[in-house]
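The lines below spell out each chain.
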Amino acid sequence: MAFVLQGILPYRTNYYSSIFLKRVTIFVTLFSFSKQYSIIAHAWPDFGWCKQKITGMAKHLLIVESPAKAKTIEKILGSDFEVKSCYGHIRDLEKEDMGIDIKNGYKPKYIVSEDKQKVVKELKALAKKSDDVWLATDEDREGEAISWHLCEVLGLDPYKTKRIVFHEITKPAIERAVQNPRFVNMDLVNAQQARRILDRIVGFELSPVLWRKMSMRNNLSAGRVQSVAVRLIVERERDITRFSITSSFKVEALFSAEDINKKKVTFKAEGPDKINDANGAGRYLQQCVGATYTVKDVQVKPAKKSPSAPFTTSTLQQEASRKLGYSVSKTMLLAQKLYENGHITYMRTDSVNLSDTAIDGARAAIIAQYGEKYHQQRIYKTKSESAQEAHEAIRPTDMMATTAGDADTTRLYELIWKRTMACQMADAQLERTIAKINVSTQTDPLTATGEVMRFDGFLKVYSEGRDDEDGEDENEGMLPPLAAGQVLDMQRMLATERFSRPAPRYTEASLVKKLEELGIGRPSTYAPTISTVQQRGYVEKRDKDGVKREFQVLTLQNDKITKEVSSENFGAEKNKLFPTDLGMVVTDFLREHFEKVMDYDFTAKIEAEFDHIAEGRQLWNKMIDDFYLPFHENVEHTIETAGRAKGERELGADPQSGKPVTARLGRFGPMVQIGVSEGEEKPRFAKLRANQSIETITLEEALELFRLPRNLGQFEGENVMVNIGRFGPYAQHAAQFYSLKKEMDPYTVELGEVIPLIEEKRKAKLESEVKVFEKEKIRILKGPYGPYIKQGLRNYKIPKEKAENPAALTIEDVKAIIEEGKANPPKKAPRGKKGKART
């Protein structure tokens, strides 16, 4: 006993020593075979500390989702806590039978994934050794569900296990959370479980319908939110295709007048809203020949601009796209890194609320950097009733810190910092001037507008970006001093042809904005939805080159009218979302047969029901039941009665053969076909080019595709042919195939461009050859991972002991290696999700 006391008592005060002597009963059991001591303390409040000192084991085990977060929190809590990561989700629904017992109240059947078996084993071992287990997964519904899964796997009671949540990883926030633990909220768990089960039902029942009804391989899939997102993109594309462009003329006059320094300056005034055609524009300018221009009146009005609310998940994604060019997934990845390292608050939120601490921190930073007059306290309230997953906007944890992490991370952090600062700053004060200018020969006046900033306010720090659909920026300059009755000197008047524009294609950010407006999805679903529709091949993000377009400009100067034709680059787009032909055909099929699932209002209603479950106002399995029964009947009816979906479109007849030419979706993608399958003569097929679509391709463009294969001429006495195969464009020469470079178009590439490619590939092939057995048609080649044997299309690894000198291998050695490789083929790695924290 003295041995134990000497090791413990020096670490505590005399007070604890006296408590120890008076109140503690200690049992010491010596296991000589292992030289370990087990101490059981009774009625001593500080026994956990005692146990840690003797065994080196933490009193509490705290489980978080990501290892980065674990390191940060462990530093804050100290040695009383051992903080470990579960690396995100630890189990999911089984694949067999959907993982759902439909007949038993939709009871889910979960399984720990293979890649998480080791993690779960380690957590179980640590849980047994610890006094208790605390759960600190993320504060949204998904995080709550992960906590519940941990309880289930580790054998913990969710109604007794301590659960803590925090909006930021800072010392005060973590300590406050530890002082105020709660238990797992089963309403939030059930809401997330309902979402997962409903999405599994839709995916597992709809996807086989697509496999049966479409001429594609069995790699198609459908999802509840993803399919609606694709519908939005498809409808926007069709609106653009159907849009009829009209032209009109905009009139602008340039005047000169003296500014306050008596210096001549030029300013602009606009004429009528629009003139329909060139003749009308010409008549307007003709009527202005010899006219006088007099200021009718000048109005000066004060104006102000107010800052935007602090960031939510969706507004951060939108602004990072506009200002930084970040994709939605990149934004969330960087935001998660900032959160886990304690720089910002939780990044999955639809709340614009700021805590008192944040408001005080912003006030101090604003006054310190810009002065008292720039500060204006604002309280923001979230309009959406469903904003309950998190309780604060995305903001810095320390308003005095202006940078964080590497270059990309710092750029996002600075955006968050500026937005948070701006939302607590004063309005920008403006002075807006509107001058009406009479034209002696016209009834309607011209209008000149100008804007002067009297106080920059929040604009000193931040100005919100704009989307394409928001229209052009109002970039109004200053006007010189003008007075009623003042006669102005008109320098020249322009009537410029302008064209109407359709709504722009969605960017990732503007799609998130639209989904949020429709009430579809929640903060945690935007990024995975957009990633999924691209991975499935329904949508692609790409640039579109502009085309040259001419426009007319009529100029009145010195009482003479001139006309010129200028040109502009029209229709160029960058990083926009385009539906693929596959996405269009799948959308049309689902809209025809599953109208309810594809309906925007119905999808938003489902989201609202998830919110009701989270609030404890609705039973999750009742909600699933209301959806599933009619949906399942619809699936069975569609399988029995619906025809095959090909997205077929007849383009006309082939002028040479008279056979029909159609564009349709084939097994390997969109294609055009001459002839029909029923005839004796097989139809001819050609694959569509990357920038072509079934819906818009013309007969002439389709016939052009049948120019392949092209004979470019001869090289070394052999024809060089180019064509497009399953894996892309290629050249063929002397029974050898060479993939064309990305910039080479098989329809326009010339022989002189292909010959260097053939020679380059030959050289690389010779350099990779170690030894060739011509008779047996076997080669020993050098690869990036070492030498190997190639026979036909099969490759065989050379054993390590023989790989050092592959040139010394005989044909007998090579045949033995091949036989061994055939007898013991390498095992394929099992497919599965990687164990990563959520992003």
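Coordinates for the structure precede this section.
Trainee: Before we go on, may I ask you to explain the overall build of the protein in this structure?
Mentor: Counting its regular elements, the protein contains 23 helices and 32 strands. Across the 839 residues in the protein, those meeting the buried criterion constitute 46%. Long-range contacts, defined here as pairs at least 24 residues apart, represent 68% of the contacts in the protein between residues at least 6 apart. Surface accessibility of the protein: about 44,900 Å² in total, with carbon and sulfur atoms responsible for 49%.

Trainee: Any chance you could explain helix α19 (residues 620–641) here in plain terms?
Mentor: Think of an α-helix as 3.6 residues a turn; residues three or four steps apart then line up on the same face. With 22 residues, α19 extends 32 Å from end C-alpha to end C-alpha; this agrees with the ideal 32 Å at 1.5 Å per step. The complete set of buried residues in α19 reads W620, M623, I624, F627, Y628, F631, V635 and T638. Where α19 is buried, its residues contact β7 (107–108), α8 (186–213), α17 (581–593) and α18 (600–614).

Trainee: Whenever I open this one, the packing of helix α4 (residues 67–77) against helix α7 (residues 171–179) confuses me. Can you help?
Mentor: Helix packing for two helices is described by the angle between their axes and how far apart those axes are. One can describe the packing of α4 onto α7 by two numbers: an axis separation of 10 Å at closest approach and a directional angle of 75°. Put simply, α4 runs roughly perpendicular to α7. Seen from α4, the contacting residues are I73, I76 and L77; seen from α7, they are K171, I174 and V178. The residue makeup of the contact of α4 with α7, split by class, is 5 nonpolar, no polar and 1 charged.

Trainee: What is the right way to read the environment of V251 from this model?
Mentor: You can see V251 is positioned in strand β11 (residues 247–258). Spatially, the C-alpha atom of V251 lies 9.9 Å from that of V553, the residues being 302 residues apart in sequence. Apart from the residues lying within four places of it in its own chain, the contact partners of V251 are A269, E270, G271, P272, I275, Y284, M493, L494 and A495.

Trainee: What is the right way to read helix α5 (residues 117–129) from this model?
Mentor: Here α5 contains 13 residues, and its C-alpha end-to-end distance of 19 Å stays within 8% of the 18 Å for a straight helix at 1.5 Å per residue. For α5, the secondary structure elements touched by its buried residues are β3 (60–64), β4 (81–85), β8 (110–112), β9 (132–135) and α6 (141–154).

Trainee: Please clarify how the packing of aromatic side chains should be interpreted in this entry.
Mentor: Aromatic rings considered in pairs are described by the distance between their centres and by the relative angle of their planes. Per the counting criterion, the structure on display carries 12 aromatic pairs. Every member of this aromatic cluster is reached through a ring pair, and the members are F594, F602, F627 and F631. The ring of W148 carries the charged tip of R91 above its face, separated from the ring centre by 5.5 Å. Its end group placed over the ring of Y600, R231 keeps NZ or CZ at 4.1 Å from the ring centre.

Trainee: I tried to follow the pattern of salt bridges on my own but got confused; where do I start?
Mentor: Side chains that carry opposite charge are capable of pairing whenever their charged atoms lie near each other. Applying the stated criterion to the full structure yields 50 salt bridges. Between R91 and E152 there is a salt bridge, with its nearest N and O atoms 4.0 Å apart. Highlighted residues: R91 in strand β5 (residues 91–93) and E152 in helix α6, separated in sequence by 61 residues. Residue classification places E152 among the partly exposed positions, given a relative accessible area of 41%. Where D543 meets K574, a salt bridge forms, and the shortest distance between an N and an O atom there is 3.8 Å. Of this pair, D543 sits in strand β17 (residues 539–544) while K574 sits in strand β20 (residues 573–579), and the two are 31 residues apart along the sequence. On the accessibility criterion, K574 (60% relative accessible area) is exposed. By sharing partners, the salt bridges in this structure join K69, D138, D140 and R348 into a single network.

Trainee: Sorry, what's going on with the sheet that holds strand β27 (residues 728–733) here?
Mentor: In a beta sheet, neighbouring strands pair by backbone hydrogen bonds and run either parallel or antiparallel. Within the open sheet, the 4 strands sit side by side as β25-β26-β27-β28. Their pairing is antiparallel. Each edge of the sheet is formed by a strand with only one pairing partner; in this case those strands are β25 (710–715) and β28 (736–739). Between one strand and the next, the sheet's axes are offset by a mean angle of 30°, whatever the strand orientation. Looking at chain direction, β25 and strand β26 (residues 718–725) are connected through 5 bridges and run antiparallel. Its bridge partner being in β26, Q714 is matched across the sheet by N719.

Trainee: Looking at this structure, I do not really get the pairing of strand β12 (residues 264–270). What am I missing?
Mentor: In this sheet, β12 lies alongside β11 in antiparallel orientation, the contact comprising 7 bridges. Looking at β12, one finds that A253 is bridged to A269. If you look at the hairpin formed by β11 and β12, you'll find 5 residues sitting between the two strands, and K262 has a positive phi there, around 65°.

Trainee: Got a minute to help me understand the nonpolar core in this structure?
Mentor: In a soluble, globular protein the nonpolar side chains are often hidden away together inside. Within the largest apolar cluster, 164 residues are counted, with the highest numbers of intra-cluster contacts made by L62, L412 and V672. Considering every element that reaches this core, the biggest residue donor is α8, with 12 residues. Contacts of L412, omitting those with residues within four sequence positions, involve L316, A320, L324, Y326, T331, L334, A335 and L338. Judged by nonpolar contacts, the second largest core, of 28 residues, contains F255, A269, I275 and A291.

Trainee: So what exactly am I meant to see when it comes to unusual backbone geometry here?
Mentor: Leaving glycine out, the prevailing phi sign among residues is negative, and the prevailing peptide bond configuration is trans. Put simply, L708 and P709 share a cis peptide bond, and its omega is 0°. Inspection of the secondary structure puts P709 in the loop between α20 (699–704) and β25. Of note, K262 is a non-glycine position whose phi angle comes to about 65°, a positive value. For K262, the location among the structural elements is in the loop between β11 and β12. A relative accessible area of 63% places K262 in the exposed class.

Trainee: What am I meant to see in the pairing of β20 here?
Mentor: Counting buried positions along β20 yields 5 of 7 residues, so the element is predominantly enclosed. In the sheet, β17 pairs with β20 via 5 bridges, with the strands oriented antiparallel. Each bridged residue has a counterpart across the sheet, and for K541 the counterpart in β20 is L577.

Trainee: Looking at this structure, I do not really get the sheet that holds strand β31 (residues 786–791). What am I missing?
Mentor: Strand order in the open sheet formed by 4 strands is β29-β30-β31-β32, and the pairing between neighbours is antiparallel. Edge strands, defined here as strands with exactly one partner in the open sheet, are β29 (769–773) and β32 (794–797). Here the average twist between neighbouring strands, direction ignored, is 25°. Where strand β30 (residues 778–783) meets β31, 6 bridges bridge the pair, whose relative direction is antiparallel. Each residue of the ladder has a partner; that of I778, found in β31, is Q791. Contacts from helix α23 (residues 811–823) reach β29, β30, β31 and β32, with the element oriented near 85° to β31.

Trainee: It is not clear to me how the packing of helix α15 (residues 508–518) against helix α16 (residues 526–535) should be interpreted in this structure. Could you clarify?
Mentor: One can describe the packing of α15 onto α16 by two numbers: an axis separation of 11 Å at closest approach and a directional angle of 120°. Relative to α16, the element α15 lies oblique. Two packed elements cross with a definite hand, and for α15 against α16 that hand is right-handed. Only Y526, I530 and Q534 of α16 make contact with α15, whose side of the interface consists of E508, L511, V512, L515 and E516. Its residues assigned to classes, the contact of α15 with α16 comprises 5 nonpolar, 1 polar and 2 charged.

Thresholds, definitions, all that
Residues numbered from 1 in each chain as written. Predicted model: local features only at pLDDT ≥ 70, side-chain atom pairs only at ≥ 80, totals over all residues. Heavy atoms only, no water. Helix = DSSP H or I, 4+ residues; strand = E, 2+ residues; numbered from the N terminus. Buried < 20%, exposed > 50% of the residue type's maximum accessible area, 1.4 Å probe, protein only. Contact = heavy atoms within 4.5 Å. Areas by Shrake-Rupley, 256 points an atom, 1.4 Å probe, with all protein chains shown as cover. Expected span 1.5 Å × (residues − 1). Axes fitted to C-alpha atoms, helices over the stretch in contact; angles between N-to-C directions. Parallel < 35°, antiparallel > 145°, perpendicular 65-115°, else oblique. Nonpolar A, V, L, I, M, F, W, Y, C, P; charged D, E, K, R; others polar. Phe/Tyr/Trp six-rings, centres within 6.5 Å; stacked < 30°, edge-to-face > 60°. Lys NZ or Arg CZ within 6 Å of the ring centre and 35° of its normal. Salt bridge = Lys/Arg side-chain N within 4 Å of Asp/Glu carboxyl O. Pairing = 2+ DSSP bridges. Core = buried A, V, L, I, M, F, W, Y, C linked by side-chain atoms within 4.5 Å. Left-handed = near helix turned anticlockwise from the far one by under 90°.

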